[in-house]
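Descriptive structure summary
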Amino acid sequence: MAKIDQKSNKVIFTDAEYAKAWENCRVIQNRDRKDFRLCYICKYPMEFKINENMSNDETAWVIDLINIKKPVLEIDNYIGVHANCVNNRTKKNAAKLINRIKIVGWMAPE
């Protein structure tokens, strides 16, 4: 389970939580599912590079909460997004948007 570092005031996630957040992301049909997933905010591919240190790599990702109305650190509430896209989120509960995105077959630009 995720822990909050009291000194830096940051959430520290386990490897299992990162894996589940990655699995919650939409698969891109013309890319390898282990290496690429879809960012539900910008609808552009994310590469499997975890952005723990807030680097400038635009394809790397971080864990975001699906429902921030009820900010519970549970594994089913995690999803991966680009680090730069977190601030572009429009709704506090993105569950309906994520479900609509999962219905559509997504392809990455060539």
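Provided above is the structure to which this section pertains.
These lines cover the structure that appears in this document, whether it is placed above or below. (Residues numbered from 1 in each chain as written. Predicted model: local features only at pLDDT ≥ 70, side-chain atom pairs only at ≥ 80, totals over all residues. Heavy atoms only, no water.)

1. Concerning the overall build of the chain
We count it as follows: Only DSSP runs of H or I with at least four residues qualify as helices, and only runs of E with at least two residues qualify as strands; both kinds are numbered from the N terminus onward. Between the two quantities, the radius of gyration covers C-alpha atoms and the globule rule is 2.2 Å times the number of residues to the power 0.38. Only protein chains enter the accessibility calculation, which uses a 1.4 Å probe; a residue is then buried when its area is under 20% of its type maximum, exposed when over 50%, and partly exposed in between. We call two residues contacting when some pair of their heavy atoms lies within 4.5 Å. All accessibility values rest on the Shrake-Rupley procedure with a 1.4 Å probe; residue burial counts only the protein chains present in the view. Charge assignment: positive for Lys and Arg, negative for Asp and Glu; neither His nor the chain ends contribute. All charge positions are set by atom: Lys at NZ, Arg at CZ, Asp at CG, Glu at CD.
Each helix and strand in the chain was counted, giving 2 helices and 7 strands. Counting from the amino terminus, helix and strand elements in the chain follow one another as β-β-α-β-β-β-β-β-α. Computed over C-alpha atoms, the radius of gyration of the chain comes to 13 Å, within 12% of the 13 Å expected from 2.2 N^0.38 for 110 residues, which places it in the range of a compact globule. For the chain, the C-alpha atoms occupy an extent of roughly 45 × 30 × 25 Å along the three principal directions. Every one of the 110 residues in the chain was classed for burial, and the buried ones make up 36%. For the chain, the share of sequence-separated contacts (at least 6 apart) that also reach a separation of at least 24 residues comes to 51%. For the chain, the exposed surface amounts to about 7300 Å²; the carbon and sulfur share of it is 51%. Side-chain charges in the chain split into 19 positive and 14 negative, and the spacing between the mean points of these groups amounts to 9 Å.

2. Quick notes on the pairing of strand β6 (residues 61-65)
What counts, and what does not: A strand pair is defined by DSSP finding two or more bridges across the two strands.
Along β6, 5 of the 5 residues are buried, which leaves the element largely enclosed by surrounding structure. Of the two faces of β6, both are covered, the one formed by Trp61, Ile63 and Leu65 as well as the one formed by Val62 and Asp64. In this structure, β6 lies alongside strand β7 (residues 78-82), joined through 5 bridges in antiparallel fashion. Within β7, the position partnered with Val62 by the bridge is Val81.

3. Details of the nonpolar core
Put simply, the rule is: Working definition of a nonpolar core: buried Ala, Val, Leu, Ile, Met, Phe, Trp, Tyr and Cys residues. They are joined through side-chain atoms within 4.5 Å.
The biggest cluster of nonpolar side chains holds 26 residues, and the ones touching the most others in it are Tyr40, Trp61, Ile63 and Tyr78. In this structure, Ile63 is in contact with Phe13, Glu17, Tyr18, Ala21, Tyr78 and Ile79, ignoring residues within four places of it in sequence.

These values are about where atoms sit, not about what they do.
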